[in-house]
Structures are given as structure tokens and as C-alpha cells.
Amino acid sequence: MSPPPRDALHFPQSSRPFLEPYLPLHRSWHNPYLPDDSTPFPFTTLTFAQSLDSSISLAPGTQTALSGPETKAMTHYLRARHDGILVGIGTALADDPSLNCRLEGVGGYGGRGLNMQPRPVIVDPKGRWLDVAEGSKVMKLARERRGRGPWVVMAWTDDSEVLGRVNAIDRLLEGVGGKVLMVEPRTNKETEEKRLDWGDVLAMLKREGLDSLMVEGGQRVINELLREEYQELVNLVIITIAPTWLGQGGVVVSPERKSAEQGNASAVGRLTNTRWQQMGDDVVLCGQLPHKK
Ligand SMILES: NC(=O)C1=CN([C@@H]2O[C@H](COP(=O)(O)OP(=O)(O)OC[C@H]3O[C@@H](n4cnc5c(N)ncnc54)[C@H](O)[C@@H]3O)[C@@H](O)[C@H]2O)C=CC1
Ligand SMILES: Nc1nc(O)c(N)c(N[C@@H]2O[C@H](COP(=O)(O)O)[C@@H](O)[C@H]2O)n1
């Protein structure tokens, strides 16, 4: 086995018990002959890093490093504990993320095989990723077998331009063990706007074999999943809070309220079973959204 590369991260054993009660079972403990069919959705963890003023980056379309070294390593430990990592196309374009697990001992980082590497999932209804895919980090890492080939979630359409993109992305992904997954979009009756429903997306990922999914962002994806109608789909929330203010104009996490009427407003949600832990200069908050059932 080759030694871990210099960019391999270390997350100490002593930091792990804090997270353990919340996490899905480790993939290596899964019995492959007994898939968890008890729910149509993956165990879904929503996790991101934010500033003291709730921003996840300084401005739209830009990446901002908020996590310190300790919480960055924690994020990679979380990646190792989930079958997939999901981001929206806004994040894929802004950050060119690696979406792999660079934890020491994991496949490609001192370990063998890709067993502990999560599957990158990019939600990209119209195939905008095609413009950057070839040179992206996620493709480079998949070619080097330091990450899995990505799955790109697109929307069914009869638009020939988008269909051309579907085919081109699919061809690109074939070579690295990735694929395109098509989901039927839903139409908003009032606005006529087409969008993907998170229940449809998550159920499809489960059918494709992901029992656990870590959703990392970005702003639209997080704010949608925190809306009341989708909270049932979120099993766990882990937020890194960095001791910094990014100021006005930042990309803010703040989900839409059901009723925006003044004087008639109530909180969108509140985490239960919370635990806070300092890691380096940052604090990590774990909690669960109350489910009605
Ligand atoms: N600090 C942190 O932990 C993180 C920060 N970020 C930051 O977030 C920003 C990106 O946020 P956004 O631009 O909001 O991008 P995003 O990653 O949320 O992607 C938004 C795009 O995804 C697609 N999409 C998402 N939900 C959809 C739905 N229900 N139906 C159809 N299409 C859907 C649409 O094409 C939409 O334009 C970047 O600045 C990035 O650096 C991203 C991830 C984590
Ligand atoms: N945990 C965390 N802390 C930050 O400070 C961040 N900016 C992010 N961003 C997310 O991580 C992705 C980058 O991942 P790679 O290290 O390139 O694999 C980025 O796309 C965001 O999803 N996360």
C-alpha cells in the first residue's frame, strides 16, 4: 500500500464520539445482502460551514474558506461515513469542488480501493456542468481513482439543446464510472416554473443504491431542504460555525417561511437533540429536525 499523499487529512479518534450517536451506520458495517429498504429515502445529512452572520460565502459564485483545519478534517470524516455527497450546479461551477474524501487511510489516500469514497452527486437540471466538466477536479480525481465517477441529476425535457447536453455528459461520465440520472420535473401551478422535487431526487438516489447522503450545498439547495415541506427528508443537520462575520451581501442560509405575512409568522424550524462541540477555533452544531411521524 502506498503512503498517504501530502494532502491527506487526519481526524483524531478523540473527536469522533461527539458525532457518533448521530451518524448513519458505517458503510463497511452494512450487510450487502440486507439493504435497508425500510425507507424510500437515503439517510440524509445536511452539512455546511457558515459565518456568525449566517453566510456560506462572501458573494454568489465565489468560494469562501470558512472551516479551519479541524472542522475541514471533520467534513472529510463525514464524507467517509456517507454513501454520497450532493451539491447543486451553482456550487459545482463556483467552487470546482473535489467531492472526494481525503481522509488518511481512505482509498487513494493511503488506503486501497474506492470502498470508502462517497459518490459525488451534482444536481444540474439543464446540463450546465458540461462547459467545465472535462477539466473539473471531480473528473480528474475519478480518472486517478482518488474519487468515484460523479452522478449528474438532470431533468427530463424535450428541449433538444438540453438533450444534447445529457448525451454529452453521459458519454464523458461513462469513462469514469459515473452516469446521468434523469428525474421528471414538477411544474408550479401558479408560476409555471419547473423544478425538481427533493422527494423525487432523494428517492431516486436511494433506488440507485445510496443508503446515506451528505448534502453540502449550496445556498439554494440548503434553503430548499430547510423549508417545512422538506424537513421530513432531512435526518441530521451538522453546521460548522466559524468565528467570523462576512458582512452584508454574503450568500445567506435562511429558508423561506410558509407564510411571509408580518405578525403571523412562526419559526421555520428548530433543531432538537442538539450538541455543540468546539473544534479548533470553530464550533460544530449537530441536531435533528423534528419529524411529524
Ligand atoms: N460554506 C459552505 O459550506 C458551502 C458554501 N457553498 C457556496 O454556495 C454558493 C452556491 O450556492 P447556489 O448558487 O445557490 O448554488 P447551489 O449549489 O445551491 O445550486 C443551485 C442550482 O442547482 C439547481 N437546483 C437546485 N435545487 C433545484 C431544484 N429543486 N430544482 C431544480 N434545480 C435545482 C439549479 O440549477 C440552481 O441554479 C457558492 O458560493 C458556494 O461557495 C456551497 C456549499 C457549501
Ligand atoms: N465544510 C466546508 N467548509 C467550508 O469553509 C467550505 N467552503 C465548504 N464548502 C463545501 O466544500 C466543497 C469543497 O470541497 P472540496 O474540498 O473541494 O472537496 C464546496 O464545494 C462546498 O460544498 N465546506
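These lines cover the structure that appears in this document, whether it is placed above or below. (Residues numbered from 1 in each chain as written. Chains lettered and ligands numbered in written order. Predicted model: local features only at pLDDT ≥ 70, side-chain atom pairs only at ≥ 80, totals over all residues. Heavy atoms only, no water.)

Taken in spatial order, the nine strands line up as 6-5-4-3-9-1-10-13-12 in an open sheet, and their pairing is mixed. Edge positions in the open sheet fall to strand 6 (179-183) and strand 12 (272-279), since each of these has one partner strand only. Across the sheet, the mean angle separating the axes of adjacent strands is 20 degrees when strand polarity is ignored. Lying on the sheet, helix 5 (residues 160-174) is in contact with strand 5 (151-155) and strand 6; it crosses strand 6 at an angle near 145 degrees. Helix-sheet contacts for helix 6 (residues 198-207) involve strand 1 (43-50), strand 3 (84-88), strand 4 (119-123), strand 5, strand 6 and strand 9 (212-217), and the interaxial angle to strand 6 is about 140 degrees. (Pairing = 2+ DSSP bridges. Helix = DSSP H or I, 4+ residues; strand = E, 2+ residues; numbered from the N terminus. Axes fitted to C-alpha atoms, helices over the stretch in contact; angles between N-to-C directions. Contact = heavy atoms within 4.5 Å.)

The end-to-end C-alpha distance of helix 5, which contains 15 residues, comes to 21 Å, matching closely the 21 Å that a straight helix rising 1.5 Å per residue would cover. Turning to helix 5, its buried residues number three or more, namely Val162, Arg165, Val166, Ala168, Ile169 and Leu173. Considering only its buried residues, helix 5 is in contact with helix 3 (130-133), helix 4 (137-143), strand 5 and strand 6. Between the side-chain oxygen of the N-cap and the backbone nitrogen of Glu161 there are 2.8 Å, and the N-cap of helix 5 in question is Asp159. (Expected span 1.5 Å × (residues − 1). Buried < 20%, exposed > 50% of the residue type's maximum accessible area, 1.4 Å probe, protein only. Polar contact = N/O pair within 3.5 Å; in protein donor to acceptor, adjacent residues only side chain to side chain.)

With respect to the element layout, Thr240 can be found in strand 10 (residues 236-241). Apart from residues lying up to four places away in sequence, Thr240 is in contact with Phe48, Ala49, Gln50, Ser67, Thr71, Met74, Asp282, Val283 and Val284.

Before going further, it helps to examine the nonpolar core. One broad trend across soluble globular proteins is that nonpolar side chains are buried collectively. Among the nonpolar cores identified, the biggest contains 33 residues, and Leu46, Leu86, Val153, Trp198, Leu205 and Leu225 are the most heavily contacted of them. Listed by contribution, the elements that provide at least two residues to this core are strand 1, strand 4, strand 5, strand 6, helix 6, strand 9, helix 7 (219-225) and strand 10. No other element matches the five residues that helix 6 contributes to this core. Ignoring anything within four residues of it in the chain, the contact list for Trp198 reads Leu86, Val123, Val221, Glu224, Leu225, Tyr230 and Leu233. (Core = buried A, V, L, I, M, F, W, Y, C linked by side-chain atoms within 4.5 Å.)

The next subject is helix 6. Across the 10 residues of helix 6, eight count as buried, placing the element largely inside the fold. For helix 6, the capping residue at the N-terminal end is Asp197, with a side-chain oxygen 2.9 Å from the backbone nitrogen of Gly199. The first or second residue beyond helix 6 is Gly209, which carries a positive phi of 115 degrees.

On to the side chain of Ser57. Here Ser57 lies in strand 2 (residues 55-57). On the accessibility criterion, Ser57 (7% relative accessible area) is buried. Setting aside residues up to four positions removed in sequence, Ser57 forms contacts with Thr62, Thr64, Leu246, Gly250 and Val251.

To continue, consider unusual backbone geometry. Backbone torsion omega between Gly217 and Gly218 reads 0 degrees, so that peptide bond is classified as cis. Considering the arrangement of structural elements, one finds Gly218 in the loop between strand 9 and helix 7. Although it is not a glycine, Asp96 adopts a positive phi angle of roughly 40 degrees. Mapped onto the fold, Asp96 is located in the loop between helix 2 (89-95) and strand 4.

Right, let's talk about the site of ligand 2 for a bit. If you check the shell around ligand 2, you find 16 residues, and the closest are Leu66, Ser67, Arg79, Ser98 and Arg102. Here an oxygen atom of ligand 2 sits 2.9 Å away from a polar atom, N or O, in the main chain of Ser98. For ligand 2, whose free accessible area comes to 520 Å², the fraction covered by protein is 85%. Taken together, the residues that form the shell around ligand 2 break down as six nonpolar, six polar and four charged. (Near = heavy atom within 4 Å. Areas by Shrake-Rupley, 256 points an atom, 1.4 Å probe, with all protein chains shown as cover. Nonpolar A, V, L, I, M, F, W, Y, C, P; charged D, E, K, R; others polar.)

Neighbouring ligand 1 are 26 residues, the closest being Ala49, Thr62, Thr91, Asp95 and Glu224. Here an oxygen atom of ligand 1 and a backbone polar atom of Arg220 are 2.9 Å apart. When the free accessible area of ligand 1 is taken as 860 Å², the share hidden by the protein chains comes to 86%. Those elements that place two or more of their residues in the shell around ligand 1 are strand 1, strand 2, helix 2, strand 9 and helix 7. Here the shell around ligand 1 is composed, by residue class, of 11 nonpolar, nine polar and six charged.

With that settled, the discussion passes to the environment of Tyr230. Residue placement: Tyr230 occurs in the loop between helix 7 and strand 10. For the pair Tyr230 and His10, spaced 220 residues apart in sequence, the C-alpha separation works out to 34 Å. If we ignore the near neighbours within four places in the chain, the residues touching Tyr230 are Arg195, Asp197, Trp198, Gly199, Glu224 and Leu225.

Inspection of the secondary structure assignment puts Leu271 in the loop between strand 11 (251-252) and strand 12. Between the C-alpha atoms of Leu271 and Thr187, which are 84 residues apart in sequence, the distance is 31 Å. Leave out the neighbours within four places in its chain, and Leu271 touches Val237, Leu285, Gly287, Gln288 and Leu289.

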